[in-house]
Amino acid sequence: MSAEADALGSPVVDLQLVTVRDLSEEDVNEVTEYWYHSPPGFIEAMGIDPKKLLPEPEFARYLIEKCTANKLLAASKLNTLTITYKGKAIGSHTIDPLVEGDHGIFHAHIWNPEMRRKGIAMITYPKACWIFMERFDLKRILFKTPMQNIGPIRVKEKLGIRCIGEETVGFGIVRDGTLAKVFELTRAEAALRVKAHRSENPNSNRSNASALSRCSELAISPSCR
Ligand SMILES: CC(C)(COP(=O)(O)OP(=O)(O)OC[C@H]1O[C@@H](n2cnc3c(N)ncnc32)[C@H](O)[C@@H]1OP(=O)(O)O)[C@@H](O)C(=O)NCCC(=O)NCCS
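Residues numbered from 1 in each chain as written. Predicted model: local features only at pLDDT ≥ 70, side-chain atom pairs only at ≥ 80, totals over all residues.

1. Notes on the overall build of the protein chain
- Assigned secondary structure in the protein chain consists of eight helices and nine strands.
- Counting all 225 residues of the protein chain, 31% fall into the buried class.
- Taking all contacts inside the protein chain whose residues are at least 6 apart in sequence as the whole, residues at least 24 apart take part in 66%. (Helix = DSSP H or I, 4+ residues; strand = E, 2+ residues; numbered from the N terminus. Buried ≥ 20, exposed ≤ 12 C-beta atoms within 10 Å, placed from the backbone. Contact = placed C-beta atoms within 7 Å.)

2. Digging into the sheet that holds strand β5 (residues 88-99)
- The seven strands are arranged β3-β4-β5-β6-β7-β9-β8 in an open sheet whose pairing can be described as mixed. Sheet topology places β3 (18-22) and β8 (162-169) at the edges, where each strand pairs with a single neighbour. The mean angle between the axes of side-by-side strands here comes to 30°, regardless of whether they run parallel or antiparallel.
- Relative to strand β7 (residues 140-146), strand β6 (residues 103-110) runs parallel, the two being bridged by three bridges. Bridge assignment links glycine 104 to a residue of β7, and that residue is isoleucine 141.
- The strands touched by helix α5 (residues 150-159) within the sheet are β6, β7 and β9 (178-186), with β7 carrying the most contacts at an inclination of about 145°. (Pairing = 2+ DSSP bridges. Axes fitted to C-alpha atoms, helices over the stretch in contact; angles between N-to-C directions.)

3. So, the pairing of β9
- As paired strands, β7 and β9 are joined by seven bridges and run antiparallel to one another. By the bridge assignment for β9, isoleucine 141 is matched with leucine 185.
- Here β8 runs beside β9; their pairing, made up of seven bridges, is antiparallel. Its bridge partner lying in β9, valine 169 is registered against threonine 178.

4. Focus: the nonpolar core
- By size, the foremost hydrophobic cluster in this structure holds 35 residues, and its most contacted members are Ile120, Tyr125, Cys129, Phe132 and Ile141.
- Those elements that place two or more of their residues in this core are β3, β4 (80-85), β5, β6, α4 (120-135), β7, α5 and β9.
- The dominant element in this core, judged by the number of residues it contributes, is α4, at nine residues.
- Beyond its immediate stretch of four places on either side in the chain, tyrosine 125 contacts Ala108, Val155 and Leu159. (Core = buried A, V, L, I, M, F, W, Y, C linked by C-beta atoms within 7 Å.)

5. Some words on the confidence of the model for the protein chain
- Taken residue by residue, the protein chain gives an average pLDDT of 90. The fraction at 70 or more is 87%.
- Below a pLDDT of 50 lies the segment residues 205-218, which in the model reaches 31 contacts outside its immediate sequence neighbourhood of four places, other chains included. (pLDDT = per-residue confidence, 0-100.)

6. Quick notes on the site of the ligand
- The environment of the ligand is formed by 21 residues, the closest being Ile110, Ile120, Ala121, Gly151 and Arg154.
- Looking at which element gives the most residues to the shell around the ligand, the answer is α5, with six residues.
- A class-by-class count of the residues in the shell around the ligand yields ten nonpolar, six polar and five charged. (Near = placed C-beta within 6 Å. Nonpolar A, V, L, I, M, F, W, Y, C, P; charged D, E, K, R; others polar.)

7. Side note on the environment of valine 194
- Note on placement: valine 194 falls in helix α6 (residues 187-200).
- In this structure the C-alpha to C-alpha distance between valine 194 and tryptophan 130, which are 64 residues apart in sequence, comes to 7.7 Å.

8. Section: α5
- All of the buried residues along α5 are Pro152, Val155, Lys156, Glu157 and Leu159.
- Positive phi shows up at glycine 160, right after α5, with a value of about 75°.

9. Brief notes about the environment of isoleucine 161
- By secondary structure assignment, the location of isoleucine 161 is in the loop between α5 and β8.
- Overall, isoleucine 161 belongs to the buried group, with 27 C-beta atoms counted inside 10 Å.
- Separated by 25 residues in sequence, isoleucine 161 and threonine 186 have C-alpha atoms that sit 9.2 Å apart.

Below is the structure:
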(Lines give C-alpha, C1' and ligand atoms only; values in the text may rest on other atoms or scores of the structure.)
Protein backbone atom coordinates (compact mmCIF):
# COMPACT_ATOMS: atom_id res chain seq x y z
CA MET A 1 0.00 0.00 0.00
CA SER A 2 1.37 3.40 -0.98
CA ALA A 3 0.21 5.27 2.13
CA GLU A 4 2.78 7.03 4.38
CA ALA A 5 3.19 5.43 7.80
CA ASP A 6 2.88 7.12 11.20
CA ALA A 7 5.29 6.57 14.11
CA LEU A 8 3.59 3.25 14.91
CA GLY A 9 3.87 2.08 11.31
CA SER A 10 0.17 2.52 10.60
CA PRO A 11 -0.65 4.12 7.23
CA VAL A 12 -1.60 7.81 7.28
CA VAL A 13 -4.37 8.26 4.75
CA ASP A 14 -5.06 11.46 2.83
CA LEU A 15 -8.86 11.22 2.52
CA GLN A 16 -8.87 13.56 -0.46
CA LEU A 17 -7.26 10.75 -2.45
CA VAL A 18 -10.00 8.25 -1.67
CA THR A 19 -12.69 7.66 -4.23
CA VAL A 20 -14.93 5.04 -5.82
CA ARG A 21 -15.21 3.77 -9.38
CA ASP A 22 -16.73 0.78 -11.15
CA LEU A 23 -15.33 -2.66 -10.39
CA SER A 24 -12.87 -3.76 -13.06
CA GLU A 25 -11.36 -7.08 -14.12
CA GLU A 26 -8.04 -6.01 -12.55
CA ASP A 27 -9.64 -5.92 -9.10
CA VAL A 28 -10.86 -9.50 -9.19
CA ASN A 29 -7.74 -11.09 -7.60
CA GLU A 30 -7.97 -8.75 -4.62
CA VAL A 31 -11.69 -9.40 -4.21
CA THR A 32 -11.18 -13.16 -4.23
CA GLU A 33 -8.17 -12.87 -1.89
CA TYR A 34 -10.43 -11.11 0.62
CA TRP A 35 -13.32 -13.55 0.44
CA TYR A 36 -11.37 -16.80 0.18
CA HIS A 37 -8.03 -16.10 1.89
CA SER A 38 -8.74 -13.75 4.80
CA PRO A 39 -7.43 -14.95 8.18
CA PRO A 40 -9.36 -17.96 9.50
CA GLY A 41 -12.60 -16.95 11.18
CA PHE A 42 -12.64 -13.40 9.78
CA ILE A 43 -15.57 -13.70 7.39
CA GLU A 44 -17.48 -15.99 9.77
CA ALA A 45 -17.16 -13.39 12.55
CA MET A 46 -18.72 -10.83 10.20
CA GLY A 47 -21.84 -13.02 9.88
CA ILE A 48 -20.97 -14.65 6.55
CA ASP A 49 -21.65 -18.34 5.92
CA PRO A 50 -18.66 -19.61 3.89
CA LYS A 51 -20.80 -22.50 2.64
CA LYS A 52 -22.88 -19.95 0.75
CA LEU A 53 -19.87 -18.66 -1.21
CA LEU A 54 -19.50 -19.87 -4.79
CA PRO A 55 -16.34 -21.92 -5.43
CA GLU A 56 -13.50 -19.41 -5.87
CA PRO A 57 -12.88 -19.90 -9.64
CA GLU A 58 -16.62 -19.62 -10.33
CA PHE A 59 -16.86 -16.42 -8.31
CA ALA A 60 -13.84 -14.92 -10.12
CA ARG A 61 -15.38 -15.85 -13.48
CA TYR A 62 -18.72 -14.35 -12.43
CA LEU A 63 -17.03 -11.04 -11.54
CA ILE A 64 -15.03 -10.91 -14.77
CA GLU A 65 -18.11 -11.65 -16.87
CA LYS A 66 -20.05 -8.99 -14.99
CA CYS A 67 -17.37 -6.38 -15.82
CA THR A 68 -17.06 -7.50 -19.43
CA ALA A 69 -20.82 -7.46 -20.05
CA ASN A 70 -21.10 -4.04 -18.47
CA LYS A 71 -18.66 -2.56 -20.99
CA LEU A 72 -21.17 -3.24 -23.77
CA LEU A 73 -23.76 -1.01 -22.13
CA ALA A 74 -24.19 2.66 -22.93
CA ALA A 75 -24.26 3.47 -19.20
CA SER A 76 -22.84 1.36 -16.38
CA LYS A 77 -25.19 -1.01 -14.58
CA LEU A 78 -22.56 -2.50 -12.29
CA ASN A 79 -23.72 -3.11 -8.75
CA THR A 80 -20.16 -3.18 -7.40
CA LEU A 81 -17.93 -0.15 -6.97
CA THR A 82 -14.25 -0.36 -6.10
CA ILE A 83 -12.88 1.91 -3.39
CA THR A 84 -9.51 3.33 -4.41
CA TYR A 85 -6.76 5.15 -2.59
CA LYS A 86 -4.19 6.94 -4.75
CA GLY A 87 -5.67 4.98 -7.63
CA LYS A 88 -5.09 1.59 -5.97
CA ALA A 89 -8.06 -0.69 -5.30
CA ILE A 90 -8.54 -1.16 -1.54
CA GLY A 91 -12.14 -2.27 -1.08
CA SER A 92 -15.62 -2.39 -2.50
CA HIS A 93 -19.24 -1.38 -2.11
CA THR A 94 -21.94 -3.62 -3.53
CA ILE A 95 -25.68 -3.24 -3.67
CA ASP A 96 -27.38 -6.64 -3.56
CA PRO A 97 -30.15 -7.78 -3.45
CA LEU A 98 -31.31 -4.99 -5.73
CA VAL A 99 -34.77 -4.06 -6.99
CA GLU A 100 -34.19 -1.45 -9.67
CA GLY A 101 -36.51 1.55 -9.34
CA ASP A 102 -37.08 0.78 -5.65
CA HIS A 103 -34.38 -0.30 -3.21
CA GLY A 104 -31.21 -2.29 -2.62
CA ILE A 105 -29.10 -3.56 0.29
CA PHE A 106 -25.69 -1.94 0.64
CA HIS A 107 -22.42 -3.62 1.61
CA ALA A 108 -18.93 -2.37 2.42
CA HIS A 109 -15.58 -4.12 2.59
CA ILE A 110 -12.14 -2.58 2.91
CA TRP A 111 -9.92 -5.49 1.94
CA ASN A 112 -6.66 -4.35 3.49
CA PRO A 113 -6.92 -4.33 7.33
CA GLU A 114 -4.34 -1.53 7.54
CA MET A 115 -6.67 0.79 5.64
CA ARG A 116 -9.59 0.28 8.05
CA ARG A 117 -10.51 2.84 10.72
CA LYS A 118 -8.90 5.71 8.80
CA GLY A 119 -12.14 7.52 7.96
CA ILE A 120 -12.45 6.02 4.46
CA ALA A 121 -16.04 4.87 4.96
CA MET A 122 -17.06 8.45 5.77
CA ILE A 123 -16.10 9.36 2.21
CA THR A 124 -17.08 6.28 0.28
CA TYR A 125 -20.49 5.40 1.78
CA PRO A 126 -22.10 8.70 0.69
CA LYS A 127 -20.39 8.64 -2.71
CA ALA A 128 -21.32 5.03 -3.44
CA CYS A 129 -24.88 5.43 -2.13
CA TRP A 130 -25.46 8.37 -4.43
CA ILE A 131 -24.04 6.56 -7.46
CA PHE A 132 -26.30 3.56 -6.76
CA MET A 133 -29.32 5.82 -6.15
CA GLU A 134 -28.89 7.44 -9.56
CA ARG A 135 -27.73 4.37 -11.46
CA PHE A 136 -30.63 2.19 -10.34
CA ASP A 137 -33.20 4.93 -9.76
CA LEU A 138 -33.59 3.86 -6.14
CA LYS A 139 -36.11 5.25 -3.70
CA ARG A 140 -34.08 4.05 -0.73
CA ILE A 141 -31.03 2.08 0.28
CA LEU A 142 -31.16 -0.39 3.16
CA PHE A 143 -28.29 -1.59 5.32
CA LYS A 144 -28.80 -4.86 7.22
CA THR A 145 -25.79 -5.14 9.47
CA PRO A 146 -25.21 -8.15 11.74
CA MET A 147 -25.47 -6.97 15.37
CA GLN A 148 -21.92 -8.02 16.21
CA ASN A 149 -20.40 -5.78 13.51
CA ILE A 150 -19.88 -2.71 15.65
CA GLY A 151 -17.63 -1.05 13.05
CA PRO A 152 -20.17 -0.78 10.23
CA ILE A 153 -22.93 0.03 12.74
CA ARG A 154 -20.84 2.94 14.02
CA VAL A 155 -20.28 4.11 10.41
CA LYS A 156 -24.05 4.42 9.85
CA GLU A 157 -24.56 6.17 13.17
CA LYS A 158 -21.76 8.60 12.40
CA LEU A 159 -23.12 9.33 8.93
CA GLY A 160 -26.58 10.00 10.34
CA ILE A 161 -28.22 7.12 8.51
CA ARG A 162 -31.50 6.25 10.29
CA CYS A 163 -31.80 2.97 12.15
CA ILE A 164 -35.30 1.57 11.55
CA GLY A 165 -35.16 -1.56 13.68
CA GLU A 166 -33.84 -5.08 13.85
CA GLU A 167 -34.46 -8.11 11.66
CA THR A 168 -33.37 -11.73 11.44
CA VAL A 169 -31.76 -12.14 8.02
CA GLY A 170 -30.09 -14.75 5.86
CA PHE A 171 -29.98 -13.20 2.39
CA GLY A 172 -27.08 -13.74 -0.02
CA ILE A 173 -24.01 -15.07 1.75
CA VAL A 174 -25.16 -13.95 5.21
CA ARG A 175 -25.60 -16.82 7.67
CA ASP A 176 -29.27 -17.81 8.03
CA GLY A 177 -30.77 -16.58 11.30
CA THR A 178 -28.39 -13.62 11.71
CA LEU A 179 -29.79 -10.81 13.85
CA ALA A 180 -29.15 -7.52 12.05
CA LYS A 181 -29.67 -3.83 12.67
CA VAL A 182 -31.53 -2.28 9.78
CA PHE A 183 -30.77 1.24 8.55
CA GLU A 184 -32.47 3.21 5.80
CA LEU A 185 -31.36 6.08 3.59
CA THR A 186 -33.98 7.60 1.32
CA ARG A 187 -33.14 9.27 -1.96
CA ALA A 188 -34.17 12.64 -0.50
CA GLU A 189 -31.86 12.14 2.49
CA ALA A 190 -28.99 11.10 0.23
CA ALA A 191 -29.56 14.15 -2.01
CA LEU A 192 -29.54 16.47 1.01
CA ARG A 193 -26.25 15.03 2.15
CA VAL A 194 -24.67 15.41 -1.29
CA LYS A 195 -25.93 19.01 -1.47
CA ALA A 196 -24.66 19.80 2.05
CA HIS A 197 -21.29 18.34 1.21
CA ARG A 198 -20.96 20.21 -2.09
CA SER A 199 -22.00 23.58 -0.65
CA GLU A 200 -19.74 23.19 2.38
CA ASN A 201 -16.63 22.60 0.34
CA PRO A 202 -16.85 21.91 -3.36
CA ASN A 203 -13.20 20.86 -3.61
CA SER A 204 -12.88 18.59 -0.63
CA ASN A 205 -14.00 15.15 0.43
CA ARG A 206 -13.18 15.88 4.06
CA SER A 207 -16.35 17.77 4.83
CA ASN A 208 -18.49 14.70 4.14
CA ALA A 209 -18.06 13.47 7.67
CA SER A 210 -18.88 16.79 9.32
CA ALA A 211 -21.80 17.54 7.00
CA LEU A 212 -23.26 14.14 7.67
CA SER A 213 -22.47 13.79 11.35
CA ARG A 214 -24.70 16.73 12.28
CA CYS A 215 -27.69 14.42 11.83
CA SER A 216 -26.20 11.47 13.65
CA GLU A 217 -28.00 11.73 16.99
CA LEU A 218 -31.35 12.21 15.22
CA ALA A 219 -30.75 9.13 13.17
CA ILE A 220 -30.67 6.65 16.04
CA SER A 221 -34.17 5.69 17.01
CA PRO A 222 -34.67 4.52 20.64
CA SER A 223 -35.22 0.91 19.52
CA CYS A 224 -31.80 0.93 17.88
CA ARG A 225 -29.71 2.14 20.78
C1 LIG B 1 -16.68 -1.65 8.25
C2 LIG B 1 -15.78 -0.81 7.36
C3 LIG B 1 -16.34 -0.79 5.94
C4 LIG B 1 -15.76 0.62 7.93
O5 LIG B 1 -14.94 1.41 7.13
P6 LIG B 1 -13.76 2.28 7.78
O7 LIG B 1 -13.19 3.15 6.73
O8 LIG B 1 -12.84 1.33 8.48
O9 LIG B 1 -14.55 3.15 8.86
P10 LIG B 1 -14.12 4.61 9.38
O11 LIG B 1 -12.64 4.62 9.59
O12 LIG B 1 -14.68 5.63 8.48
O13 LIG B 1 -14.80 4.64 10.79
C14 LIG B 1 -16.02 5.31 11.04
C15 LIG B 1 -16.36 5.12 12.50
O16 LIG B 1 -16.56 3.74 12.78
C17 LIG B 1 -15.66 3.30 13.78
N18 LIG B 1 -15.23 1.95 13.45
C19 LIG B 1 -14.86 1.46 12.24
N20 LIG B 1 -14.50 0.17 12.35
C21 LIG B 1 -14.65 -0.15 13.67
C22 LIG B 1 -14.45 -1.34 14.40
N23 LIG B 1 -14.01 -2.46 13.81
N24 LIG B 1 -14.72 -1.31 15.72
C25 LIG B 1 -15.18 -0.20 16.33
N26 LIG B 1 -15.40 0.97 15.67
C27 LIG B 1 -15.13 0.99 14.36
C28 LIG B 1 -14.51 4.26 13.71
O29 LIG B 1 -13.77 4.26 14.92
C30 LIG B 1 -15.25 5.55 13.45
O31 LIG B 1 -15.92 6.02 14.61
P32 LIG B 1 -15.28 7.13 15.60
O33 LIG B 1 -14.89 8.29 14.73
O34 LIG B 1 -16.39 7.42 16.54
O35 LIG B 1 -14.09 6.49 16.24
C36 LIG B 1 -14.33 -1.39 7.33
O37 LIG B 1 -13.75 -1.26 8.62
C38 LIG B 1 -14.28 -2.84 6.91
O39 LIG B 1 -14.23 -3.11 5.73
N40 LIG B 1 -14.29 -3.79 7.86
C41 LIG B 1 -14.23 -5.19 7.56
C42 LIG B 1 -15.42 -5.66 6.76
C43 LIG B 1 -16.76 -5.37 7.41
O44 LIG B 1 -16.93 -5.47 8.61
N45 LIG B 1 -17.73 -5.04 6.53
C46 LIG B 1 -19.07 -4.78 6.94
C47 LIG B 1 -19.85 -6.03 7.01
S48 LIG B 1 -21.50 -5.71 7.60
